[in-house]
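Chain and residue survey
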Amino acid sequence: MASLAFSATTKSYVSSSNYRIVLYKYDAKPERLPFKEGIFARKCNTRDSIVTNVAIQPSPLFPSPEKQDFAERNHVAWTSVRQERWEGELDVQGMIPLWLSGTYLRNGPGLWNIEDYNFRHLFDGYATLVKLHFENGRLIAGHRQIESDAYKAARKNRRLCYREFSEVPKTHNFLAYIGELANLFSGASLTDNANTGVVKLGDGSVVCLTETQKGSIIVDPNTLDTLGKFEYKDSLGGLIHSAHPIVTDEEFLTLLPDLINPGYLVVRMEPGTNERKLIGRVDCRGGPAPGWVHSFPVTEHYVVVPEMPLRYCAQNLLKAEPTPLYKFEWHPDSKGFVHVMCKASGKIVASVEVPLFVTFHFINAYEEKDEEGRVTAVIADCCEHNADTTILEKLRLQNLRSLMGVDVLPDARVGRFRIPLDGSPYGKLEAALDPDEHGRGMDMCSINPAYLGKKYRYAYACGAQRPCNFPNTLTKIDLFEKKAKNWYEEGAVPSEPFFVARPGATEEDDGVVISMISEKNGDGYALVLDGSTFEEIARAKFPYGLPYGLHGCWVPKN
Ligand SMILES: CC(=O)/C=C/C=C(C)/C=C/C1=C(C)CCCC1(C)C
Ligand SMILES: CC(/C=C/C=O)=C\C=C\C=O
Ligand SMILES: [Fe+2]
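Just so it is clear, the model here is predicted, and its values are computed rather than measured.

**Observations regarding the overall build of the chain**
Counting its secondary structure elements, the chain contains six helices and 39 strands. A fraction of 62% describes how many contacts in the chain between residues 6 or more apart in sequence connect residues 24 or more apart. As displayed, the chain offers around 22,400 Å² of accessible surface, 51% of which is attributable to carbon and sulfur atoms.

Structure, rendered in structure tokens:
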């Protein structure tokens, strides 16, 4: 412990099996030490503080020693985080550019058990928010569990209390089951575990998100404290939304799937307000329910609404045990469609049938123009899983834990849709480059945000070096040259590479790419790559292994 360097926080939680260790740090010797909180306390000196007071407290939700033994046989990426919160300064190897000033936040499901009950799917875990605060070449890191109602109830009652992605609370009799169904329809039993992403709104507030609307939770980007719910104060209703809104300083755009009259509401919210306004509605063209819409892209003038043949399924929503496709069902007969809506008027300017597709993440979209500058088509790129739904099953924790090094990751590609705007009934879907360039793995993408909705050249994503059961490389894709540069370290599980542009940059790839790495030996580190060369420029080791995380955002200083 003495080797850890702590920042100016007064209280941090460092490690635990079934205990958590609380460190109180003082820049000057305090009158009285807060011994009363702990069952054990002692004084010691660390490198950076005068007095550190250590307290060990029982920590019921974190893994028991038996559980931890089991976890230690597994990769740390798929092992529950061992403490509720931590903060400290990391030693940096290499050079962090001095212009990189701000906080990278990454959200994800980092706690996959309640005592000895283990969740089954990657997406079920309770949200763990990680921060990397860059300033003057130094790096202060930390993490904290998000205090959703679902997490707090699990802690208090020591059992699952809300419906997660695949986990459903147990009911003990028929009446309780009926009550549960009523709670499902009212949304009361749905989770608010905001474990998917984190966005900075135009007014500066930072919100963690998942697919349930009630799981929109405001956090403090410095302390990572949970500040409260982001309440949508409008009458648009619905219980779910896209996990990935499009957020800029000017607006917040999202899609609300309508499960009753299959379709999607395209909505917009002004910065500083909580009221989403309807832009327009898309009616589904196939199937009994809307397609799952985890994300969607926009161009400068249009919102692209994908209608994936992997559709929400009312029957599966009611089931207590997970089905192979969870709350969804694959309907190849219902076909796949892409709709294009004008952002200003809400009019649908194209609605085309496209080849069957499966995607979580759209990368970007832009308008293609002819010589006269007329828009002839919309190009939309996504991480496309070759219309194969088995990726969902591959993200079961048991598969992630037991099949490391086994080549079971289904192939994926940069799927490029071309949606003509001349009234033709069909759109195209093709690979934008040879998938072998990125090892036929492809997901968790980012771009330079200045190119959102515009013709762009570079995408950053996780790719594959086979054999593997999960994307294990970072890849920089050049969509003009149709080439990729890849970063790989044996046994490492990197999370989404996140591009941050250098202030004043004129080149699209002038900036850095940040990722967090979970290592084979149980450790973890923050990694900074040069956006242009894709070479490592700095890394900084955490004092504990990091679990895998999903999506991030950048909060610039001031
Ligand atoms: C982590 C991630 O990427 C996705 C999380 C998705 C969740 C939590 C989905 C939850 C849902 C329910 C609890 C019931 C209604 C359907 C659905 C939105 C899938
Ligand atoms: C981890 C993931 C989806 C996350 C959603 O937010 C997909 C991984 C796909 C593997 O290729
Ligand atoms: Fe996502």
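So much for the structure itself; the text now carries on.
**Concerning the pattern of salt bridges**
In the structure shown here, the tally under the stated rule is 36 salt bridges. We note a salt bridge from Lys 200 to Asp 249, for which the minimum N-O separation is 3.7 Å. Taken as a pair, Lys 200 in strand β13 (residues 197-200) and Asp 249 in the loop between β17 (246-247) and β18 (252-258) lie far apart in primary sequence, 49 residues in all. Under the relative-accessibility criterion, Lys 200 is labelled partly exposed at 23%. Note that Lys 476 and Asp 509 form a salt bridge whose closest N and O atoms lie 2.7 Å from each other.

**Some remarks on empty space enclosed by the protein**
Overall, the coordinates contain three cavities of 30 Å³ or more when judged by the stated rule. Taken as a whole, the largest cavity holds about 180 Å³ of empty space. Taken together, 19 residues line the largest cavity, and the ones lying closest to its centre are Phe 360, Leu 395, Asp 443, Met 444 and Phe 470. Mapped onto the lining of the largest cavity, the elements with two or more residues apiece are β26 (359-369) and β30 (443-446). Its residues assigned to classes, the lining of the largest cavity comprises twelve nonpolar, six polar and one charged.

**Brief notes about the site of ligand 2**
Near ligand 2 you find 14 residues, and of these His 294, His 361, His 385, Pro 471 and His 551 are the closest. In the environment of ligand 2, an oxygen atom lies 3.3 Å from a nitrogen or oxygen atom belonging to the side chain of His 361. Here His 551 contributes a side-chain N or O atom positioned 2.9 Å from an oxygen atom of ligand 2. Here ligand 2 loses 99% of its free accessible area of 350 Å² to cover by the protein chains.

**What about the layout of surface pockets?**
Here the largest pocket is characterised by a volume of approximately 1,300 Å³. Lining of the largest pocket is provided by 50 residues; of these, Val 247, Ile 447, Pro 449, Phe 498 and Gly 552 occupy positions nearest its centre. Among the elements that make up the lining of the largest pocket, the one with the highest residue count is β26 (five residues). Split by residue class, the lining of the largest pocket holds 30 nonpolar, 13 polar and seven charged. Of the pockets and cavities examined, the second largest pocket occupies roughly 910 Å³. Surrounding the second largest pocket, 37 residues form its lining, Leu 190, Ile 240, Leu 259, Tyr 312 and Leu 317 being those nearest its centre. Elements represented by at least two residues in the lining of the second largest pocket include exactly α3 (174-186), β18, α4 (314-318) and β23 (328-330). Element by element, the count of residues in the lining of the second largest pocket is highest for α4, at four residues. In the lining of the second largest pocket, the residues fall into 20 nonpolar, eleven polar and six charged.

**A look at the site of ligand 1**
In the vicinity of ligand 1 lie 15 residues, with Asn 195, Thr 196, Thr 210, His 294 and Leu 317 positioned nearest. Taking 490 Å² as the accessible area of ligand 1 by itself, protein coverage stands at 97%. More than half of the atoms belonging to ligand 1 lie within 2 Å of the grid points that define the second largest pocket. The residue inventory of the shell around ligand 1, partitioned by class, reads seven nonpolar, four polar and four charged.

Calculation rules
- Residues numbered from 1 in each chain as written.
- Chains lettered and ligands numbered in written order.
- Predicted model: local features only at pLDDT ≥ 70, side-chain atom pairs only at ≥ 80, totals over all residues.
- Heavy atoms only, no water.
- Helix = DSSP H or I, 4+ residues; strand = E, 2+ residues; numbered from the N terminus.
- Contact = heavy atoms within 4.5 Å.
- Areas by Shrake-Rupley, 256 points an atom, 1.4 Å probe, with all protein chains shown as cover.
- Salt bridge = Lys/Arg side-chain N within 4 Å of Asp/Glu carboxyl O.
- Buried < 20%, exposed > 50% of the residue type's maximum accessible area, 1.4 Å probe, protein only.
- 1 Å grid on protein atoms, 1.4 Å probe; cavity = no way out; pocket = protein on both sides within 12 Å on 5 of 7 lines; lining within 4 Å.
- Points joined across faces, edges and corners; volume = space filled by probe spheres on them.
- Nonpolar A, V, L, I, M, F, W, Y, C, P; charged D, E, K, R; others polar.
- Near = heavy atom within 4 Å.
- Polar contact = N/O pair within 3.5 Å; in protein donor to acceptor, adjacent residues only side chain to side chain.
- Sits in = over half its atoms within 2 Å of the grid points.

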